[in-house]
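Secondary and tertiary structure notes
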Amino acid sequence: QEKLCAVFPELQEKMFSVSWTDEDGDMVTIATDEELIIALTEMAGPIYKMVADVKNQQKNENNKNNSNQESQIHLGVACDACGKQPIEGHRYKCVVCDDYDLCGSCKADGHHPGHNMMKIAKPVNVFSQRLFNRIHKMQESESNKNNCSQESETHPGVACDACDKQPIEGHRYKCVVCDDYDLCGSC
């Protein structure tokens, strides 16, 4: 949303959400950079269609409604740590496990360490398991990249579009928008 506000300054004082349509025809809301990356990898390029839904109320009007979110009830969802059912307030869904949820208290107490949790404020936000599987795969992929020694990696046949160094050695930066634009770690 910050990126959109920079491009469209009139959105700075408005409440809005950004979404995209997945391959099943479901509208998926983008709330984080990670969800944006998922959207960009799932959509077929080179043109990426996203929808910005602008609400009628201003941002500061919404602050009055924030206390309302704490009283949200997630019917049919139980906390897997303490057994509380239904979960009231924020629900935390594990992005690794198929069916693991925590209430706000158990999340604050540090239950289910080592797995990333997605905060769900409104019960109407239903996320497909496919989304969580995709997030988990991306996290594993990133973890594997961080564990590898990329400094010694060579990218044969790939030239830096800024300094023309070929092949790129070490870190390679590939543009996610352009079809063929790469930079070396120096550029």
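Along each chain, the written sequence defines residue order, and numbers are assigned to residues from 1. In keeping with the predicted nature of the model, local features appear solely for residues at pLDDT of at least 70, side-chain atom pairs appear and are counted solely at 80 or more, and the whole-chain, interface and lining totals rest on all residues. Computation of side-chain values: all heavy atoms of the structure, hydrogens and water removed.

**Some thoughts on the overall build of the chain**
Here a strand is any run of E in DSSP of at least two residues, a helix any run of H or I of at least four, and the numbering for each starts at the N terminus. Counting its regular elements, the chain contains six helices and twelve strands. Relative accessibility decides the category of a residue: with a 1.4 Å probe and only protein chains considered, values under 20% of the type maximum give buried, values over 50% give exposed, and everything between is partly exposed. Among the 187 residues that make up the chain, the fraction classed as buried is 25%. Whether two residues touch is decided by their heavy atoms; if any such pair falls within 4.5 Å, the residues are in contact. Partitioning the intrachain contacts of the chain with sequence separation of at least 6 by distance along the chain shows that 36% fall at a separation of at least 24. With the model as given, the accessible surface of the chain reaches about 12,500 Å², and the carbon-plus-sulfur share is 48%. Here the open area of atoms and residues is found with the Shrake-Rupley method and a 1.4 Å probe, where only the protein chains shown may cover a residue.

**Some remarks on the confidence of the model for the chain**
Considering every residue of the chain, the mean pLDDT works out to 77; 75% of them sit at 70 or more. Residue-level confidence of the predictor is summarised by pLDDT, bounded by 0 at the bottom and 100 at the top. The secondary-structure element of the chain with the lowest mean pLDDT is helix 4 (residues 66-70), recorded at 45, while helix 5 (residues 104-108) shows the highest, at 93. With pLDDT under 50 throughout, residues 61-70 is counted as low confidence; its partners more than four residues away or in other chains account for nine contacts.

**Let's talk about the environment of Glu23**
In this structure, Glu23 sits in the loop between strand 1 (14-21) and strand 2 (27-30). As for Glu23 and Met43, which are separated by 20 residues in sequence, their C-alpha atoms are 8.1 Å apart.

**Digging into the nonpolar core**
Within this scheme, the nonpolar core is defined by two criteria: the residues are buried Ala, Val, Leu, Ile, Met, Phe, Trp, Tyr or Cys, and they are joined through side-chain atoms within 4.5 Å. Counting ten residues, the largest nonpolar core consists of Val77, Cys79, Ile87, Tyr92, Cys94, Tyr100, Leu102, Cys103, Cys106 and Met117. Listing elements by their share of this core, those giving two or more residues are strand 6 (91-94) and strand 7 (101-103). Discounting chain neighbours no more than four positions away, the residues touching Tyr92 are Tyr100, Asp101, Leu102, Cys103, Gly104, Lys107, Met117, Met118 and Lys119. Residues Cys5, Phe16, Trp20 and Ile30 belong to the second largest nonpolar core, which totals nine residues.

**As for the sheet that holds strand 6**
Here three strands make up an open sheet; going across it, the order is 7-6-8 and the pairing antiparallel. At either margin of the open sheet sits one strand with a lone partner, and together these are strand 7 and strand 8 (117-120). Direction aside, neighbouring strands of the sheet carry axes that sit 30° apart on average. At least two DSSP bridges between two strands are needed for those strands to be called paired. Angles here are taken between N-to-C directions and fall from 0 to 180 degrees, while the axes themselves are lines fitted to C-alpha atoms, restricted in helices to the stretch in contact.

**Observations regarding the pattern of salt bridges**
Whenever a carboxyl oxygen of Asp or Glu lies within 4 Å of a side-chain nitrogen of Lys or Arg, that contact is scored as a salt bridge. Taken as a whole and assessed by the stated rule, the structure comprises two salt bridges. Residue Asp101 pairs with Arg91 through a salt bridge whose shortest N-O separation is 2.8 Å. You can see Asp101 sitting in strand 7 and its partner Arg91 sitting in strand 6, a full ten residues away along the chain. Accessibility classification places Asp101 together with Arg91 in one group, the buried group. Taking the shortest distance from any N to any O, the salt bridge between Arg172 and Asp182 comes out at 2.9 Å. On the criterion of sequence distance, the pair formed by Arg172 in strand 11 (residues 172-174) and Asp182 in strand 12 (residues 182-184) is long-range, its members being ten residues apart.

**Regarding unusual backbone geometry**
Between Gln85 and the following residue, Pro86, the backbone shows a cis peptide bond with an omega angle of -5°. With respect to the element layout, Pro86 can be found in the loop between strand 4 (73-74) and strand 5 (87-88). For His112, which is not glycine, the phi torsion reads 60° and is therefore positive. Relative to the helices and strands, His112 resides in the loop between helix 5 and strand 8.

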